[in-house]
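The residues making up each chain are set out below.
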Amino acid sequence: MASLLEKARTLISANLHAMVDAALRANSMAVFDQYVREIEDNLENLEDALATVGGELKTLRRKREALDQKSAELDRNIDIFLRESKEDLALAAQSRLNSTDRLVQNYVAMIQRQEEEFQSLQDARLKLEAKLTEVKQEREELQALLDLARSK
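Note that the coordinates shown come from a computational prediction; the quantities given were computed from them, not determined experimentally.

1. Things to note about the overall build of the protein chain
Within the protein chain, the regular secondary structure consists of three helices and zero strands. The helix and strand sequence of the protein chain, counted from the amino end, reads α-α-α. For the protein chain, the computed accessible surface area is about 9,900 Å², with 51% contributed by carbon and sulfur atoms.

So this is what it looks like as structure tokens:
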């Protein structure tokens, strides 16, 4: 999913900077309107990415919880087997417990990466929303200047 974040950043940077520069040079309302549409489209794409990453994060957490429960059950079984002097069964259960614990650690790492990506996407969304507000304000100011110039 790191490539999704990189794509979102590249898309935002490339489109937004070029459009603002062109709008400012041309003082064109149409360019500003297009720029606003582009930002809104990028925001929509970011929202989709946030939903996807958020859903994946919930799934990873559920799977980790299930593995935690399985580990606890295996640990209890090992204790029971040892009390009943069933060392061979305890050894087999310990092997499964070790494998399950390794899986849990993998899920912990994946969850951490997903949480970081989710936070990065949320930060990008906030920045893009701020940029949208800024561009809309600039558009309104330009419109007011154009209206003033036309009325003279």
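The rest of the description comes next.
2. Topic: unusual backbone geometry
If a residue is not glycine, its phi is most likely negative; likewise, a peptide bond is most likely trans. With phi around 60°, Ser-85 is a residue other than glycine that occupies positive phi space. Assignment of secondary structure puts Ser-85 in the loop between helix H2 (29-83) and helix H3 (87-151).

3. Some remarks on the nonpolar core
Buried together is how nonpolar side chains tend to be arranged in soluble globular proteins. Ile-39, Leu-46, Leu-121, Leu-128, Leu-132 and Val-135 are the most contacted members of the largest nonpolar core, which totals 16 residues. Breaking this core down by element, the ones donating at least two residues are H2 and H3. Broken down by element, the residue count for this core peaks at ten residues, all from H2.

4. Looking at H2
End to end, H2 covers 81 Å across 55 residues, agreeing with the expected 81 Å (1.5 Å per residue, within 8%). Looking one or two places after H2, you find Ser-85, whose phi comes out positive at around 60°.

5. Here we look at the environment of Glu-140
Among the secondary structure elements, Glu-140 is positioned in helix H3. For the pair Glu-140 and Met-29, spaced 111 residues apart in the sequence, the C-alpha separation amounts to 9.4 Å.

6. Let's talk about the pattern of salt bridges
Pairing is possible between side chains of opposite charge, provided their charged atoms come close. Across all of its chains, the model carries seven salt bridges by this definition. Among the salt bridges present, the one from Glu-40 reaches Lys-136, with a minimum N-O distance of 3.6 Å. Of this pair, Glu-40 sits in helix H2 while Lys-136 sits in helix H3; the two residues are 96 residues apart in sequence, bridging distant segments of the chain. The class for Glu-40 is partly exposed, based on a relative accessible area of 34%. Across the salt bridge formed by Arg-61 and Glu-115, the nearest N and O atoms sit 2.5 Å from each other. Of this pair, Arg-61 sits in helix H2 while Glu-115 is found in helix H3, placing the two residues 54 residues apart along the sequence. With relative accessibility at 36%, the residue Arg-61 sits in the partly exposed group.

Rules of the game
- Every chain is numbered independently, its residues counted from 1 as its sequence is written.
- Under the rules for a predicted model, residues below a pLDDT of 70 receive no local features and side-chain atom pairs below 80 are neither given nor counted, while totals for whole chains, interfaces and linings still include all residues.
- The basis for every side-chain value is the complete set of heavy atoms in the structure, and neither hydrogens nor water enter the calculation.
- Helical segments are the DSSP runs of H or I of at least four residues, strand segments are the runs of E of at least two, and each set is numbered from the N terminus.
- Throughout, the Shrake-Rupley method with a 1.4 Å probe supplies accessible areas, and for residues the shown protein chains are the sole cover considered.
- Buried Ala, Val, Leu, Ile, Met, Phe, Trp, Tyr and Cys residues that are joined via side-chain atoms within 4.5 Å together make up what is termed a nonpolar core.
- Accessibility here uses a 1.4 Å probe with only protein chains present; expressed as a share of the type maximum, an area under 20% marks a residue as buried, one over 50% as exposed, and anything in between as partly exposed.
- Here the expected length of a helix is defined as 1.5 Å per residue gap, with one fewer gap than residues.
- A pairing counts as a salt bridge when a side-chain nitrogen of Lys or Arg comes within 4 Å of a carboxyl oxygen of Asp or Glu.

Functional significance is not addressed by these values, which are geometric in nature.
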